[in-house]
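Now for the letters of each chain:
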Amino acid sequence: MTHPGWGDKWADAPAFSPVNSPAQSTQAGSTQAAEGADEGAKVLPLRKPGTSDLPAPRAGGLATVTRVRPAPPAPVPWTKPPLPRRVYWTRSRRRNLKVAVLSVMGLLVALAVLVAWVAFDAVRARDALTQAARGVSTLQADAVAGRINNLDTTVAELQNHASDAEAATVGPHWTLASRLPGVGPTVEAVATMAAVVERLAQGPLPQLASVVEVADPATFAPHGGRVDLTPLEGVAPDVRRADQSVGYEQQRVEEIDRSPMLPQVSAAVATLEGQLGDLRRSTATAARAAQLIPPMLGADEPRDYLVLVQNNAEPRALGGVVGTVLVLHADRGRIELTDQMHASQVGPFAPPPGTLTEGEEAMFGEAVGGWMQNVTSTPDFPRAAEMARAMWERETGQLVDGVLSVDPTALAGLLEADGSASAGAGAGLLGEELVSYLVNGIYLTETPDDADLIFADFAESAFTSLSEGSGEPGGMVDALAAAAREGRLLVWSAHQAEAHLLEGTVLDGGLRGVNGSRPVVGVFTQGLQTAKVGYYLDTAIDVVERGARPDGARELEVTVAYTSRVGEPGAGSPPDYLAGQDVSEPGLIRLRSIVYAPAGGAVLDASENSEKTGISPQRHDGLSRAFDDIEIHPGETVSVTYAIITGKHQDGDVILRTTPGTRPAEVSVGK
């Protein structure tokens, strides 16, 4: 048999007949075909691909069955079989969650305990610091006033309060609390304040108390023309150490992080900072005095000083024209008046003994360096002192060690405190009455020459009385301090170390445009006529801050108002000598208003009586300055307003320097 499509090669191959299935073994198929046992069986040969599914009849009566292979199914895209879903909250995770919750609860409880502990100690520290701060204020006030009876008790109480405050702010709970966000600055501030007060109480404050006991004003009052320098020399090292310690603790408080903290703590920091500032000014003054007074009074070698007695009747930038010149000799605390000369007798010098700067000559002319009377025309006292020293050496051949400057108001205050106001000229007059007589009264009744002699006699008598020291020492100290604050008492030393210690103090009188972060504005008055009209002049100065610039500078408006008292009841009209021989109208006051801007700033423009006036700003020792020449008729007020900008980042309070007149200027500084 030949299978269709198989060829002759397989002609003799037995046919496959399925048994109980579509296909049977070859052997079974052959046997059944041969024996005919199963007539219904059919032989199904394999079907060649592409043939019909129906069997085709063949010769001999047999049909050939072709096996049909089903077509393969269409391919299905493969997808990743889903993973079995895992249970999230297993036993171990439930156990870990329980541990975490308990840990957080424990941490919160511990944090609450920590905060409560710190809060309790903070209240203790606050109460102790409050008491300690009161002790600091009391101690400082007693020290300045010379009250030494209760100093030991005050110091002991201060130390106890400081120790309590410091003990309340140490421990591991404070260390941990200082690292908490939002709480750290408050904790650090309280701890720092407690530590500062503790160190002050254990260190410089007891030293300051002992110094006050030794440096009682009565100890340094002159007796018989001599000041005992031994006590002050003994306490000088302690005073310097106390000042250094206070300065260090002040710096620590200033460096406290000012991040947001509790308002009560922030206020306490500001209060302590202010108290330390006041205390530092006291200790710095005491330290300078302890270093300056012994050598300047001849502790190491004899000293000679030139004293310029100014007369405010004729205004100059530093106060008034120099009326008389004295020479004081100091040797181991003994003070003697060795020479005296009217200022008009010193000079004139052409050329001046020293070289004038371009700014000095442009503003004041050569007269500032050629006449002793005019050295006070410059508002820079160290420079005026240098010129006066050079003039005195040219005139007399004596080279002095320093220069002092006083005016009648300062001397009258000292004499009143000394109890010797009846000495010399103006006998029986006190305070303002004595000043009025010296700058005005003598010119109403005496000739100019006699008036100058009376003024010189008063100056000599005043220094003689003061050197004897018959008055109350505390009152003399207060009078000296008041005179220094008003610029009526100025001191300059030719010795560089002493001059350095005087810099920046109220005794310095230097022309400076900034003091730390505080801008300094200078407002000075210069008379333009040979007339004693200063007694009739009142001055009022108003400084207002108008805003800030993007670069950090501040805009200031400075208004200077000059009022003439000529013709007022009690003032009267001045005689020709007082009014001046070179004016067309008796009683007319002619003066120059001079304003200096702070360092790094400038004077922008000016207006007189609200009308713009032309100014040409100049430079003097690196500072911008401008001036306006004005005339004031009897009873009239003339005001000049200057627009000024400060230097950058001078954010402190404005310091105003003014010319000390017969009466203090009325000053207001605000925003």
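Quick caveat, the model's predicted, so the values are computed rather than measured.

> Describe the sheet that holds strand S13 (residues 602-608), and please don't skip the residues or the numbers.
Strands sit in the order S14-S13-S17-S11-S10-S19 across an open sheet of six strands; the sheet is mixed. With one partner strand each, in any of the chains shown, strand S14 (611-613) and strand S19 (666-670) form the two edges of the open sheet. On average, each strand axis in the sheet is tilted by 20 degrees relative to the strand beside it, whichever way the strands run. In this structure, S13 lies alongside strand S17 (residues 637-645), joined through six bridges in antiparallel fashion. Each bridged residue has a counterpart across the sheet, and for Glu608 the counterpart in S17 is Val640.

> Outline the sheet that holds strand S7 (residues 490-493), supporting the account with residue identities and numerical values.
Spatially, S5-S4-S3-S6-S7 is the arrangement adopted by the five strands of the open sheet, whose pairing is mixed. Single-partner strands in this sheet number two, and they are strand S5 (334-342) and S7. Mean inter-strand twist for the sheet, computed between neighbouring axes without regard to direction, equals 25 degrees. Of the strand pairs in this sheet, strand S3 (residues 303-316) and strand S4 (residues 319-331) are connected by eleven bridges, and their pairing is antiparallel.

> Any details on the side chain of Ser607? Residues and values, ideally.
Within the secondary structure, Ser607 is located in strand S13. Among residues more than four places away in sequence, those in contact with Ser607 are Lys612, Thr613, Ser639, Val640 and Thr641.

> For unusual backbone geometry, give the residues involved together with the corresponding values.
The omega torsion of the bond from Gly347 to Pro348 falls at 0 degrees, within 30 degrees of zero and hence cis. With respect to the element layout, Pro348 can be found in the loop between S5 and helix H10 (358-364). Even without glycine at this site, Ser610 takes up a positive phi of about 70 degrees. Inspection of the secondary structure puts Ser610 in the loop between S13 and S14. Relative accessible area serves as the criterion here: at 74%, Ser610 is assigned to the exposed category. For His649, which is not glycine, the phi torsion reads 60 degrees and is therefore positive. Among the structural elements, His649 can be located in the loop between S17 and strand S18 (655-658).

> I'd like a description of the pattern of salt bridges, backed by residues and values.
Scanning all chains against the criterion turns up 19 salt bridges. Arg383 is paired through a salt bridge with Glu386; the nearest N and O atoms lie 3.5 Å apart. Placement of the pair is Arg383 and Glu386 together in helix H12 (residues 381-396), with a separation of three residues, close to one helical turn. Residue Arg383 is classed as buried on the basis of its relative accessible area of 17%. Here Glu386 falls in the partly exposed class, since its relative accessible area comes to 38%. Between Arg512 and Asp508 there is a salt bridge, with the nearest N and O atoms lying 2.1 Å from each other. Owing to a relative accessible area of 34%, Arg512 belongs among the partly exposed residues under this scheme. Using a relative accessible area of 6% as the deciding quantity, one classes Asp508 as buried. Through salt bridges that share partners, Glu314, Arg316 and Lys532 make up one connected network.

About the thresholds
Residues numbered from 1 in each chain as written. Predicted model: local features only at pLDDT ≥ 70, side-chain atom pairs only at ≥ 80, totals over all residues. Heavy atoms only, no water. Pairing = 2+ DSSP bridges. Helix = DSSP H or I, 4+ residues; strand = E, 2+ residues; numbered from the N terminus. Axes fitted to C-alpha atoms, helices over the stretch in contact; angles between N-to-C directions. Contact = heavy atoms within 4.5 Å. Buried < 20%, exposed > 50% of the residue type's maximum accessible area, 1.4 Å probe, protein only. Salt bridge = Lys/Arg side-chain N within 4 Å of Asp/Glu carboxyl O.

Read these as spatial facts, not as claims about activity.
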